[in-house]
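# Overview (structure and organization)
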Amino acid sequence: MTISLERQAGIGNGLLVILSVVLGSMDRTRLIGISFGVFMGLGLIFSGMTGYCGWIRIFARMPWNR
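First, a word on scope: everything that follows refers to the structure included in this document. (Residues numbered from 1 in each chain as written. Predicted model: local features only at pLDDT ≥ 70, side-chain atom pairs only at ≥ 80, totals over all residues. Heavy atoms only, no water.)

## So, the overall build of the protein chain
Assigned secondary structure in the protein chain consists of 3 helices and 0 strands. In terms of overall size, the protein chain is more extended than a compact globule, its C-alpha atoms giving a radius of gyration of 14 Å where 66 residues would be expected to give roughly 11 Å. Overall size of the protein chain, expressed as C-alpha extent along the three principal axes, is 40 × 25 × 15 Å. Look at the contacts in the protein chain between residues 6 or more apart in sequence, and 55% of them connect residues 24 or more apart. Total accessible area on the protein chain stands at roughly 5200 Å², and carbon and sulfur atoms take up 71% of it. (Helix = DSSP H or I, 4+ residues; strand = E, 2+ residues; numbered from the N terminus. Rg over C-alpha atoms; globule rule 2.2 N^0.38 Å. Contact = heavy atoms within 4.5 Å. Areas by Shrake-Rupley, 256 points an atom, 1.4 Å probe, with all protein chains shown as cover.)

## Considerations on the pattern of salt bridges
Pairs can form between side chains of opposite charge once their charged atoms are near each other. All chains considered together, the criterion is met by 1 salt bridge. Asp27 serves as the salt-bridge partner of Arg30, at 3.2 Å between the closest nitrogen and oxygen. Looking at Arg30, the relative accessible area reads 35%, which means it is partly exposed. The class of Asp27 is exposed, set by a relative accessible area of 64%. (Salt bridge = Lys/Arg side-chain N within 4 Å of Asp/Glu carboxyl O. Buried < 20%, exposed > 50% of the residue type's maximum accessible area, 1.4 Å probe, protein only.)

## Comments concerning a nonpolar patch on the surface
On the surface, Ile34, Val38, Leu42, Ile45 and Met49 cluster together into a nonpolar patch covering about 540 Å² of accessible area. Within the secondary structure, Ile34 sits in helix α2 (residues 30–50). (Patch = residues over 30% accessible without salt bridge, like charges linked within 9 Å, V, L, I, M, F, W, Y side chains within 5 Å.)

## Let's talk about the side chain of Gln8
With respect to the secondary-structure elements, Gln8 resides in helix α1 (residues 5–25). For Gln8, a relative accessible area of 8% translates into the label buried. Among residues more than four places away in sequence, those in contact with Gln8 are Ile3, Phe59, Trp64 and Asn65.

Below, the structure written as structure tokens:
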């Protein structure tokens, strides 16, 4: 079963957003989590406006997509 690159990118984005929420919920890593969430949000806005998604380029090079 092959998952499309767009779905893989969506899964990667979702996992990173969950990671930023977890990091943002702890006192020691709150600034890192919030910064990471802001970075992800800006990346998704950029991707939506330009149609360029860096995740797709990264996932296209993975061994399971060859």
